[in-house]
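Residue-level structural notes
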Amino acid sequence: MRGLRQLFLMIALIPVCLMAQEETADFTSDLFGSVTTVDILPKGRLQWETYVAYEHSSMYGLKSDTWTVNYSVLRYGISNAVELCMQGSWLYSTIDHEHESGFSNLAVGFKTRLFEGWKAAPAISLRGWLFVPGGKNADFLPEHFGCQWDLIFYNRLASWCDVSYTGTMIWDDNSRPTTFWGANFNFLLSDRLTFSVEQSNYYYGDDAEDRWQPWTSVCLSYQVHPRVELGVTSDMSLKYPKRFWDLALGVAWQLTKK
């Protein structure tokens, strides 16, 4: 019932967002990073964002190696102010010589532009996710429905630099929500090449130890076609820099033409 209420709340917010002014958007991508863009896909635009990744961790006394065989997001613009999205991934993990595999991050959601920005005032978007549970036998899925709400801001600092920053609340199997905040700086190295640096923070409500987890990531993306962007990214724990590293390679592809 809680999951259904969350879904109905997301649907109820969509008509309000349709009142935003429509405009044609350039290429946009949410391929990597926890801090996404405020951009919305135009009406009728379908985009596929996918990557493969490898992660090694020795935090908390456990050694694990995880392959993200595929992580995919489908985004579709239902108007120039609202897009619908769905995501999912398949993981294969080895934890202390025990092997696990299965689906992860199964969710449906939306993103909408609330404010276009004006002078120093940032552009603002709202995004919501409803996470699909997998029960007790699913290794990487929650036992119950959960949801996530992101309030995303954007400011252009110069012709070659901009920043996006986010505040997030996540309700999952824990009794208290997880809080997230972070910022992503994009540096335009050329017309096609972009370098990004992100700093993000998680605060876990139920974990008595290590509640605050700070992270940083770097990303290099290259637009090989007006509708195709390639990217590579790596994350590092600022609290345990020697105990975690990962690498991901991905592509964002607009499947429908402008």
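Everything numeric here is computed off the predicted structure, so don't read it as measured data.

**Concerning the overall build of the protein chain**
Along the protein chain, the regular secondary structure elements total 1 helix and 12 strands. Out of the 258 residues in the protein chain, the part that is buried amounts to 44%. Pairs at least 24 residues apart make up 50% of the contacts formed inside the protein chain by residues separated by at least 6 positions. Total accessible area on the protein chain is roughly 14,000 Å²; 62% of this is exposed by carbon and sulfur atoms.

**Considering the sheet that holds strand 2 (residues 64-77)**
Reading around the barrel, the 12 strands line up as 1-2-3-4-5-6-7-8-9-10-11-12 and close back on themselves, with antiparallel pairing between neighbours. Neighbour-to-neighbour, the strand axes of this sheet turn through a mean angle of 20°, independent of strand direction.

**Details of the side chain of Gln 148**
Along the chain, Gln 148 turns up in strand 6 (residues 146-158). Given a relative accessible area of 14%, Gln 148 falls into the buried group. Side chain to side chain, Gln 148 and Asp 150 meet in a polar contact 3.0 Å long. Setting aside its immediate chain neighbours within four residues, Gln 148 contacts Arg 127, Gly 128, Trp 129, Phe 131, Thr 168, Met 169 and Ile 170.

**Description of the pattern of salt bridges**
Evaluation of the coordinates by the stated rule reveals 8 salt bridges. The shortest N-O distance in the salt bridge between Asp 30 and Arg 75 comes to 3.7 Å. Here Asp 30 is found in the loop between helix 1 (2-17) and strand 1 (46-57), whereas its partner Arg 75 is found in strand 2, with 45 residues between them in sequence. Residue Asp 30 is classed as buried on the basis of its relative accessible area, which comes to 12%.

**Focus: the packing of aromatic side chains**
Each pair of aromatic rings is reported with the distance of its centres and the angle of its planes. Within the structure shown, the criterion is met by 12 aromatic pairs. Note on Phe 153 and Tyr 165: the rings are 5.4 Å apart at their centroids and 15° apart in plane angle, and the pair reads as stacked. One end of the pair, Phe 153, is in strand 6; the other, Tyr 165, is in strand 7 (residues 161-171), with 12 residues separating them in the sequence. Assessed through its relative accessible area of 28%, Tyr 165 is described here as partly exposed.

**Notes on the pairing of strand 1**
Where strand 1 meets strand 2, 11 bridges bridge the pair, whose relative direction is antiparallel. In the sheet register, Ser 57 faces strand 2, and the bridge partner there is Ser 64. Hairpin connection between strand 1 and strand 2: a loop of 6 residues separates the two successive antiparallel strands, and Tyr 60 in this loop has a positive phi of roughly 60°. Pairing analysis gives 11 bridges linking strand 1 to strand 12 (residues 244-254), with the strands arranged antiparallel. Looking across to strand 12, one finds that Thr 50 is bridged to Val 251.

**Brief notes about the environment of Phe 185**
Structurally, Phe 185 can be placed in strand 8 (residues 178-188). The exposure class assigned to Phe 185 is partly exposed, which follows from its relative accessible area of 34%. When the C-alpha atoms of Phe 185 and Glu 198 are compared, they prove to be 6.3 Å apart, with 13 residues separating the residues in sequence. Those residues in contact with Phe 185 that lie beyond four places of it in its chain are Leu 157, Asp 162, Val 163, Phe 195, Ser 196 and Val 197.

**Let's talk about unusual backbone geometry**
The backbone of His 97 shows a phi angle near 70°, a positive value even though the residue is not glycine. For His 97, the position within the fold is in the loop between strand 3 (82-95) and strand 4 (98-115). One non-glycine residue with positive phi stands out, namely Asn 105, at about 55°. Judged by its relative accessible area of 35%, Asn 105 falls in the partly exposed class.

Criteria and thresholds
Residues numbered from 1 in each chain as written. Predicted model: local features only at pLDDT ≥ 70, side-chain atom pairs only at ≥ 80, totals over all residues. Heavy atoms only, no water. Helix = DSSP H or I, 4+ residues; strand = E, 2+ residues; numbered from the N terminus. Buried < 20%, exposed > 50% of the residue type's maximum accessible area, 1.4 Å probe, protein only. Contact = heavy atoms within 4.5 Å. Areas by Shrake-Rupley, 256 points an atom, 1.4 Å probe, with all protein chains shown as cover. Pairing = 2+ DSSP bridges. Axes fitted to C-alpha atoms, helices over the stretch in contact; angles between N-to-C directions. Polar contact = N/O pair within 3.5 Å; in protein donor to acceptor, adjacent residues only side chain to side chain. Salt bridge = Lys/Arg side-chain N within 4 Å of Asp/Glu carboxyl O. Phe/Tyr/Trp six-rings, centres within 6.5 Å; stacked < 30°, edge-to-face > 60°.

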